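Now for the letters of each chain:
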Amino acid sequence: MYRFSNTVIGFLNLFTLLASIPIIGGGLWIARSSTTCESFLQTPLLIIGFVVLIISLAGFIGACFHVAWALWVYLVVMLFLIGTLMGLTVFGFVVASQGGGVQVPGRVYKEYHLEDYSPWLRKRIKDPDYWRTIRSCILGSKTCEKLALWTPLDYLEKDMSPIQSGCCKPPTSCNYNAAATMVTQDPDCYRWNNAVGLLCYECDSCKAGVLEDIRRDWHKISVLNIVMLVILIGIYSIGCCAFQNTRRAETDYPYGENRMTKVRPRWDYYWWRWLRDRRDQLY
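Residues numbered from 1 in each chain as written. Predicted model: local features only at pLDDT ≥ 70, side-chain atom pairs only at ≥ 80, totals over all residues. Heavy atoms only, no water.

(A) Fine view of the overall build of the protein chain. For the protein chain, the count of helices and strands is 11 helices and 2 strands. Element order for the protein chain, N to C, with α for helix and β for strand: α-α-α-α-β-β-α-α-α-α-α-α-α. Out of the 283 residues belonging to the protein chain, those deemed buried represent 34%. Counting contacts in the protein chain only where the partners sit at least 6 residues apart, residues at least 24 apart contribute 64% of the total. Carbon and sulfur atoms form 66% of the exposed surface of the protein chain, whose accessible area is close to 17,800 Å². (Helix = DSSP H or I, 4+ residues; strand = E, 2+ residues; numbered from the N terminus. Buried < 20%, exposed > 50% of the residue type's maximum accessible area, 1.4 Å probe, protein only. Contact = heavy atoms within 4.5 Å. Areas by Shrake-Rupley, 256 points an atom, 1.4 Å probe, with all protein chains shown as cover.)

Printed below as a string of structure tokens:
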């Protein structure tokens, strides 16, 4: 159908246009929050919201009102978005391919080591300013308070999240008996402190636990990105058809007379003109 692609692109962009409003609103609402963890989401939400708003507006105007330049802008930005999303997906799989926990003998939970993760992630997590912000997030989430009531039996039978395993307790291999003080131990054993505000928040195991959480989230996001790429490529293909329809509508061709009579008419212009004259003679 001649206008089907325009209709589909128009409805899709109307939907995304309306969806961008709560995204922008969420970013502005987070900007008012004083919680450090939530402020991480503010900038990405605002950027995504405004990009979706602009793309959707250009696609809707171009498809529904046959504005070729608006559809051209829409397709160019969509192509850039597809390329960026593809690059981020590949980068996510490469960076998040390393890591994972080590099973502790006799325990359900795992422990995590900083050297097991990619150099890019390690460099990022060792940045003092970056770690200070993450540390405030962990303290604000009160993750370690959930382990305060655990009994020794719970540590044997219950599982822990990566952050709980790395930040809320010393490494299981640590030995704090007086006779073992002369034995070389994991450096994190000496960073551990019983104080509620200290614990093992400056340990490498804590940073490794955060990286494990990031790695797992990136795997989920990468799978979602692949689904989004398939959808975006499908929408881009329909948008190309809508752009061609809009260009034809601007010249009323092939359903009307080609207006380019002064500057090198198209190769089949005279054929269509001959058919039109024959039709006029018959009727």
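(B) Representation of unusual backbone geometry within the structure. Phi at Lys-142 is positive, roughly 55 degrees, even though this residue is not glycine. If you trace the backbone, Lys-142 turns up in the loop between α6 (128-141) and α7 (152-157). Owing to a relative accessible area of 48%, Lys-142 belongs among the partly exposed residues under this scheme. In the Ramachandran plot, Leu-199 falls in the positive-phi region, its phi being about 45 degrees despite a non-glycine side chain. Note on placement: Leu-199 falls in the loop between α9 (187-191) and α10 (204-251).

(C) Expanded view of the nonpolar core. Core analysis: the biggest nonpolar cluster contains 28 residues, and Ile-125, Trp-131, Ile-134, Ile-138, Tyr-201, Cys-206 and Val-210 have the highest contact counts within it. Residues in contact with Cys-206, not counting those within four places in the same chain, are Trp-131, Ile-138, Gly-166, Cys-167, Cys-200 and Tyr-201. (Core = buried A, V, L, I, M, F, W, Y, C linked by side-chain atoms within 4.5 Å.)

(D) Spatial organisation of helix α4 (residues 68-95). Taking 1.5 Å of rise per residue, 28 residues should cover 40 Å, and α4 covers 40 Å from first to last C-alpha, within 8% of that figure. Every buried residue belonging to α4 is among Ala-68, Ala-70, Leu-71, Tyr-74, Leu-75, Met-78, Ile-82, Leu-85, Thr-89, Gly-92 and Val-95, and all of these are buried. (Expected span 1.5 Å × (residues − 1).)

(E) Examining the pattern of salt bridges more closely. Inspection of every chain in the model, using the stated rule, returns 8 salt bridges. Notably, a salt bridge pairs Arg-135 with Glu-202, separated by 3.1 Å at the nearest N-O pair. Of this pair, Arg-135 sits in helix α6 while Glu-202 is found in the loop between α9 and α10, placing the two residues 67 residues apart along the sequence. Where Asp-188 meets Arg-191, a salt bridge forms, and the shortest distance between an N and an O atom there is 2.5 Å. Of this pair, Asp-188 and Arg-191 both sit in helix α9, 3 residues apart, which is roughly one turn of that helix. Through salt bridges with shared partners, a single network forms among Asp-188, Arg-191 and Asp-204. (Salt bridge = Lys/Arg side-chain N within 4 Å of Asp/Glu carboxyl O.)

(F) A look at the state of the cysteines. Evaluation of the coordinates by the stated rule reveals 4 disulfides. Here Cys-144 is linked by a disulfide to Cys-168, with a sulfur-sulfur distance of 1.9 Å. Here Cys-144 and Cys-168 share a disulfide; its torsion about the S-S bond, -80 degrees, makes the bridge left-handed. Placement of the pair is Cys-144 in the loop between α6 and α7 and Cys-168 in the loop between α8 (162-167) and α9, with a sequence separation of 24 residues. Take Cys-144 and Cys-168: they sit in the same class, and that class is buried. Across a sulfur-sulfur distance of 1.8 Å, Cys-174 and Cys-189 are joined as a disulfide pair. (Disulfide = S-S within 2.5 Å.)

(G) Representation of the side chain of Glu-212 in the model. Tracing the backbone shows Glu-212 in helix α10. Each residue touching Glu-212, except ones within four places of it in the same chain, is listed here: Gly-99, Gly-100, Gly-101, Tyr-112, Tyr-117 and Pro-162.

(H) A look at the environment of Met-160. Mapped onto the secondary structure, Met-160 falls in the loop between α7 and α8. With 50 residues separating them in the primary sequence, Met-160 and Lys-110 have C-alpha atoms 7.6 Å apart. Once residues within four sequence positions are removed from consideration, Met-160 is found in contact with Tyr-109, Leu-147, Trp-150, Tyr-155, Ser-165 and Lys-169.

(I) Representation of the side chain of Ser-56. Relative to the assigned elements, Ser-56 resides in helix α3 (residues 42-64). Overall, Ser-56 belongs to the buried group, its relative accessible area being 2%. Excluding anything up to four places from it in sequence, Ser-56 contacts Asn-13, Thr-16 and Leu-17.

(J) Broad picture of the packing of aromatic side chains. Inspection of the entire model under this criterion finds 4 aromatic pairs. Ring geometry for Phe-91 versus Trp-218: centroids 6.1 Å apart, planes at 55 degrees, classification tilted. Of this pair, Phe-91 sits in helix α4 while Trp-218 sits in helix α10, and the two are 127 residues apart along the sequence. Of the residues examined, Phe-91 reaches a relative accessible area of 35% and is grouped as partly exposed. (Phe/Tyr/Trp six-rings, centres within 6.5 Å; stacked < 30°, edge-to-face > 60°.)

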